[in-house]
Every structure is written in C-alpha cells, then in structure tokens.
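Architecture and fold: a report
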Number of protein chains: 2
Amino acid sequence: MRNGISHAIDVVEAPASKIDSVDFDNLVFGNVFTDHMMECDYVDGQWQNPTIKPYGPIQLEPSAKVFHYGQAIFEGMKAFKDDEDQVWLFRPEANIDRFNKSSVRLAIPEFPKEMFLEGLETLLNLDRDWIKKGLGNSLYIRPFVIATEPGVSASPSKSYKFMIICSPAKAYYSGEVRVVFAEKFSRAANGGVGYAKAAGNYGAQFYPTNLAKEEGYQQIIWTDANTHEYLEEAGTMNIFFRVGDKLLTAPISDRILDGVTRKSVIALAEENNIPIEVRRVTVKEIVEAAKKGELKEIFGAGTAATINPIKGFGHMGEKYELPEQAESYAKFFKSKLMDIQYNRAEDKFDWRYLVEKK
Amino acid sequence: MRNGISHAIDVVEAPASKIDSVDFDNLVFGNVFTDHMMECDYVDGQWQNPTIKPYGPIQLEPSAKVFHYGQAIFEGMKAFKDDEDQVWLFRPEANIDRFNKSSVRLAIPEFPKEMFLEGLETLLNLDRDWIKKGLGNSLYIRPFVIATEPGVSASPSKSYKFMIICSPAKAYYSGEVRVVFAEKFSRAANGGVGYAKAAGNYGAQFYPTNLAKEEGYQQIIWTDANTHEYLEEAGTMNIFFRVGDKLLTAPISDRILDGVTRKSVIALAEENNIPIEVRRVTVKEIVEAAKKGELKEIFGAGTAATINPIKGFGHMGEKYELPEQAESYAKFFKSKLMDIQYNRAEDKFDWRYLVEKK
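Residues numbered from 1 in each chain as written. Chains lettered and ligands numbered in written order. Predicted model: local features only at pLDDT ≥ 70, side-chain atom pairs only at ≥ 80, totals over all residues. Heavy atoms only, no water.

1. Points about the overall build of chain A
Tallying secondary structure elements over chain A gives seven helices and 22 strands in all. The C-alpha atoms of chain A give 21 Å as radius of gyration, which agrees with the globular expectation for 358 residues (21 Å, within 12%). Expressed along its principal axes, the backbone C-alpha trace of chain A runs to roughly 60 × 55 × 35 Å. Considering chain A as a whole, with its 358 residues, one finds that 60% of them fall into the buried category. The contacts in chain A between residues at least 6 apart in sequence include a share of 73% that link residues at least 24 apart. Summing over all exposed atoms, chain A offers an accessible surface of approximately 14100 Å²; the carbon and sulfur share of this is 47%. Chain A carries 44 positive and 51 negative side-chain charges, and their two centres are separated by 3 Å. (Helix = DSSP H or I, 4+ residues; strand = E, 2+ residues; numbered from the N terminus. Rg over C-alpha atoms; globule rule 2.2 N^0.38 Å. Buried < 20%, exposed > 50% of the residue type's maximum accessible area, 1.4 Å probe, protein only. Contact = heavy atoms within 4.5 Å. Areas by Shrake-Rupley, 256 points an atom, 1.4 Å probe, with all protein chains shown as cover. Lys, Arg positive; Asp, Glu negative; His and termini not counted. Charge placed at Lys NZ, Arg CZ, Asp CG, Glu CD.)

Right, here's the structure in full:
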C-alpha cells in the first residue's frame, strides 16, 4: 500500500512452496512459475478486489471471447535482487502505462495503476525467495488481461480477467542470433495494433519465423508492410544499428512498440555522448554499410533479453556477418543497464523502484 | 463415419438436455450453446482421438499460449433443417479447407478433414433437436483451435485444443446497418494474417468499431492500410456494391478473407446473368456513384448474416443514404442462398451436404 490507498487485496497463501523442486541453474525461459499469482476480475463495469492466491489453472467457458477474438494484451517486466537482498523493479510505471495503452486499443478497460503496483508488490513480497541474487538472475513478471465473457458474437467482452504470473529467469542466453530482414511477410499495418502488446501480434509472427529458422535465422527484423524498405522492430525486441560510431533506431509509430529498454538505451546513449539518430532506417543503407564494412553492430533491446547482440543478417538471399567488436555498444549498454537494475550504480534517471518489504 | 475411416470418437452423452430452458423465439446470437461439444487435443506431435461430451467449461494454465500470443483460429458454419427434418450443412469442405489454411498461417497443426466432418456429424446428430425447422432458423457452428502449452516464451505451442461448439440462431436481424469507410485505422497488412480467421484479427477491430458506433455506424468497411483508397471487407463480412445494375466486389488477397458466402454470391450472379466485376473497388468511384444516384445497393456477405443489406455509409464526415430498391440484389441472393440451404431448390453447384441420421 502506497499513497494511503488500500485496495483490500485478498491474500491466500500457498500451503507449501514448490521452490525446492526447481533447478535454478537450469531454468528454461518462462517455463516455471512461482508459488503465487495475482488475479482480478472485471464484472458489472468495474474491476473487483484483486486476489493473490496459489498459482494454478483457471476455468473458462469454451465460448470465452479470448479464445475466438484474441481480445488480450500483456506486459513483460522484471524484478532484480541486489546484494543486500533488496528487490527492485525497473521503470514499472512505464510498463503499466503501456499496459493501459494496449488495453485501450483492444477495447479492454484500463487497470488502475495503484492497484496494479500494490498487487504486484504484495505478490513479489510473498514470492521474494524466488528472486535470486547475482547478475543475470531475475524474476520475469507477466501481467496480462483476457476477455472472459461467454458468447461468440464478435463484439467487445463485458468481463475480463487480469492476472500477474511470475517466472524465475537466468541470464538470457539464446546462442548466436542471426536475423533476416522481412521481404514478404509483415507484422503490422498503419492504423493497426502493432504498437500494442496485443496477443495476436505474436501468434501472427510464428509461421514466418519458422520459415526464417529453416533458412538459419533465429528472428526476423520486420520492415514496413508497404515497401519493405524500412527496418522497424524484431517482434519481441526493438532494434539498433551501429554504423561507424553512430547508433540508429526507428522512431516509434503505430506499428512499432514503445520499448522501455529501447528508450532507456536512447537516454543512456545521450548521457554518454554516443551519437544516436532516431529516424527511419532503410534496408538499403544498412546493406550498403555492411558491404563497406561500416556496419559494426546490430542489437535488439527488450525486457527478456535486455540487450541481444546480433551476429549477422540475411537479405534477398545474401548473408552478412558482423565483425566482433572490442568496444561493443551492445556490451556497454547491457552493463550500464544491469548496473542500474541491480543497484550497483547511481540511478540518475530515477528508473529503479524499490519493492519495500512488508 | 464416411469412407470407411472411423476415428474412434469417444461419446459421452449429457445426462439431461437443457433444451427446454431455452426460449427459441428470443435467441441472442451466439449466447446459448447446445448440450454437447467436440474436443480434441494435439499432444506429442499428433491429434488424439476426439471426444464428444456435455458442453462445459475448460481448464487451462494461466501461462497457456493462447492467452499471451493469440495463437488461435476459428471458423463459422451453419446447419439447416428442411421440412422433412433432414439436416444440411452448406459447403462444409470449404470451411474445413479454410480452417486449415488459417491454421498453417498461425503455425497450428492442420486438423484431419475426415475427423472434422465425422466428429461434426456425430455432434449434430446428438444435438439434432436444437436445429429448428423454418426459414431463418439454423444452428451456428463454431469450430476453433487454441494453443494450450503452458509457458510464456514467444514461440509456437507444442499442444493445442480443437473444439466445436454450437449455438442455435434465429433469422439474423441486426436492425438497420450503416457503415463507415475506414480512413485512419486498418484491419490487415500486406503479408499479414488478414486472410486467415485468426482470433487477433477480430479483437483488433473492436476499438475502431466502438468509435464508429459513437458516430452512428454499426460497422466499418476496411480499406487498404497504405492509401485507404480501396474498399476491402467489413471484418465479419465480405462486401458487395451495386452500381447501376453491375455488382462489384474486391478480389481476395492476403488481407481479405476468402468468404464462402462471397464466392457463393459470385457463382449465383454468374449463373443468373447479373454482371459482376471482381476487382479492386475504389472509395472514389463508390462515393461518386452515390452522389450521382448510381449506387443502388451495398451488402455484406457472411455466414452469420447470410446477406446483410446496408442502408448508408459515411466517408470523410459526409453521410450517404442508399435508396430502397424494389428489385434488390441483396434480397435476390439471400433468397437464392436460403432456398439451397433449406433444401427448397435444386442444388446445381453441389453445395448442400446431408448430415445422415445415425
């Protein structure tokens, strides 16, 4: 409870913890969940009192609208533990604001910010032991809302379920990542839902990504759907290009997610006098820079991976490899971000948020 | 069972029917479901034996991929009862083929066609009493697949649930329908999933449709996302324009659903020597035709509504009303289609499919 507002959260503790059954050294991303979850239903035109209870299955009518019309949005956040056992969130209000922006676009009622944070903090306090110390360890937090009204008429649901589930995460290492620039498929339309974390945006990428994998790429960098001439984002990450010593990234739009890690990288670049241009980036200039040896790095920025260096890319059947960088921007930003996230450096931007022990 | 292949459908009959509690004269579309449903799980790389059992809730992990990544597709079909109590489907194989096309695009394993039809027929035979005689009465059939694998990594699910649920429907009457031509929002991108019945395509339309409703329109006719100059489809219906005595409709593409009712209308137009052009239709030509009094009708074509006449449209703040037509194409096609669906006319195209009593 902050600001004196209490939301009467109903807490039901798990009778026993399953934490001892978890192998924290060999976590697979997003596969294991903590002992508790937060749940809050929207009925009769308002969000009811939230409940925190043992993690477990939910029951829905087969006609629930989420199954038929994809009326669902989510967020990705992380909690970190410092060497003094303090638990920190990273820019949580940015995630909550975006959560509600996504909700508006999907015709889902916004969730009260205070109730979100208060519930999340209560949940994190209950599951504190699941957050492990040490650089790279974190708790991945997944808030989401689904449309629960039974009935198959194609109209907004009258009832919803808000949930937060949490999954312990290790240092994210996905092996060497190579990407292909999209030439045929696309992720988002002008005037569409690309800027929202709408569930449907992700399922739609699986098939083209499978095709890319068959050609040896792990991910796709999406281009604009009209011309495929502009590089936009990678679906689960925003994307940065280093040409010479200059950093380039696409501006946000109604097709591109306003990534929290993305805007943190931009702020850190400015603070550290790294030249950065936020503007439309053409496929042509990146391919030409690669050919001339001026393309030094590509990296993705997102909550799950923090900063994900990219080893090479493909375009029009050609494969391009990026050189190893001694002075890598990707490493620099990753280390800067983690120092702030793990309370190892000054927090000039006021990004850290302490989860007070209760 | 047809073609000698039996899929060992496990049938569990409902202990009692709830049919007597249903007011068939006052059905709201898609709100009441029959006594039984079909369910089939995909695990270990294959579809298991299907079950037909009492309609009821399903249980899923909160991390099930359908909730987070919208990996879900569906179909809409109808069953009709003729005056001799025979039950008919309308072009079911077209729906099953499209169901599997949608699945492929969403990286969902295709469902065996034989098993789909055999299960559906068994289900319809069990719930035969729910299909009422009389023009306009039908059983709306909703097959769908959802991704059920627990885990929040953004990758295709390894397990799925296929279901068919059924809802008795009355003559679809939605009041007078006026539409607005999309000027800012859009439904689908080139290279996207617009041609699939992907769950996410529908939730994404709710917010713009709410805005349209505030301006007095019930639906949106989506235009191409790049220029908003071409009229595409209405989200739950394909769309036809009658200019003079000529019928116009957009060609299917990766943004436009290959509607079964749409292609039936095209075939009926050709059979009945109604001039029809399947080509890109510009906003400009329709607005000009409306101004000159040459735009005689607009109507939607879809399974739920069959043919849905449109009374007027809005564009750039202007409202246009369509004149009442004595010789309406919409009425002509609706009556032609229903005569075939209810076994009142010869079935030249072999569209009817008899659900044999078992």
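2. A closer look at the UniProt feature "modified residue: N6-(pyridoxal phosphate)lysine" (unreviewed entry) in chain A
All names here are of chain A. The sites that UniProt annotates as "modified residue: N6-(pyridoxal phosphate)lysine" (unreviewed entry) are Lys197. Position of Lys197 among the secondary structure elements: in the loop between strand S11 (178-181) and helix H4 (199-214). Once residues within four sequence positions are removed from consideration, Lys197 is found in contact with Ala72, Ile73, Phe74, Glu75, Gly76, Arg98, Ser102, Tyr202 and Leu257. (UniProt positions renumbered as here; feature names shortened; annotations may be inferred.)

3. Regarding the packing of aromatic side chains
With the rule as written, the count across this model stands at 53 aromatic pairs over all chains. Centroid distance Phe74(A) to Tyr69(B): 5.6 Å. Interplanar angle 90 degrees. Geometry classified as edge-to-face. On the criterion of chain membership, the pair formed by Phe74(A) in strand S6 (residues 72-74) and Tyr69(B) in helix H1 (residues 65-69) is interchain, its members lying in two chains. Taken individually, Phe74(A) and Tyr69(B) each receive the classification buried, so the pair is uniform in this respect. Judged by centre distance (5.4 Å) and plane angle (70 degrees), the ring pair of Phe116(B) and Phe162(B) falls under edge-to-face. Separated by 46 residues along the polypeptide, Phe116(B) in helix H3 (residues 113-126) and Phe162(B) in strand S10 (residues 160-169) bring together distant segments of the chain. (Phe/Tyr/Trp six-rings, centres within 6.5 Å; stacked < 30°, edge-to-face > 60°.)

4. Describing the relation of the copies chain B and chain A
When chain B is brought onto chain A, the operation consists of a screw motion whose angular component is 180 degrees and whose axial shift is 0.0 Å, with 0.0 Å RMSD remaining. Taken together, the rotation angle and the small translation identify this as a two-fold axis. A shared binding surface is used by both copies, with 100% of the interface residues of chain B retained as interface residues in chain A. (Least-squares fit on C-alpha atoms with pLDDT ≥ 70 in both.)

5. Focus: the environment of Asp347(B)
Residue and element names in this part refer to chain B. Residue position: Asp347 is located in the loop between helix H7 (329-341) and strand S22 (352-355). For Asp347, a relative accessible area of 17% puts it in the buried group. Here the alpha-carbon distance between Asp347 and Glu270, two residues 77 residues apart in the chain, equals 15 Å. Once you skip the residues sitting within four places of it in the chain, Asp347 turns out to touch Ile340 and Arg352. A polar contact is formed between the side chain of Asp347 and the backbone nitrogen of Trp351, at a distance of 2.9 Å. (Polar contact = N/O pair within 3.5 Å; in protein donor to acceptor, adjacent residues only side chain to side chain.)

6. Re the sheet that holds strand S11 (residues 178-181) of chain B
Residues and elements named next belong to chain B. A sheet is described by the order of its strands in space; here four strands give the open sequence S12-S11-S20-S21, paired in mixed fashion. Of all the strands in the sheet, just strand S12 (219-221) and strand S21 (318-321) have a single pairing partner and so form its edges. With direction set aside, neighbouring strand axes in the sheet form an average angle of 30 degrees. The pairing of S11 with strand S20 (residues 312-315) spans three bridges and is parallel. Its bridge partner being in S20, Val179 is matched across the sheet by Phe313. (Pairing = 2+ DSSP bridges. Axes fitted to C-alpha atoms, helices over the stretch in contact; angles between N-to-C directions.)

7. Details of empty space enclosed by the protein
Unfilled space is identified by rolling a water-sized probe across the atoms. Under the definition given, this model contains seven cavities of 30 Å³ or more. Every residue lining the largest cavity is counted, 24 residues in all, and those nearest its centre are Arg187(A), Val193(A), Asn201(A), Arg187(B) and Asn201(B). Of the residues belonging to the lining of the largest cavity, the class tally is ten nonpolar, eleven polar and three charged. In this structure, the second largest cavity spans a volume of roughly 120 Å³. Forming the boundary of the second largest cavity are 13 residues, of which Lys78(A), Phe80(A), Phe90(A), Thr303(A) and Gln341(A) lie nearest the centre. (1 Å grid on protein atoms, 1.4 Å probe; cavity = no way out; pocket = protein on both sides within 12 Å on 5 of 7 lines; lining within 4 Å. Points joined across faces, edges and corners; volume = space filled by probe spheres on them. Nonpolar A, V, L, I, M, F, W, Y, C, P; charged D, E, K, R; others polar.)

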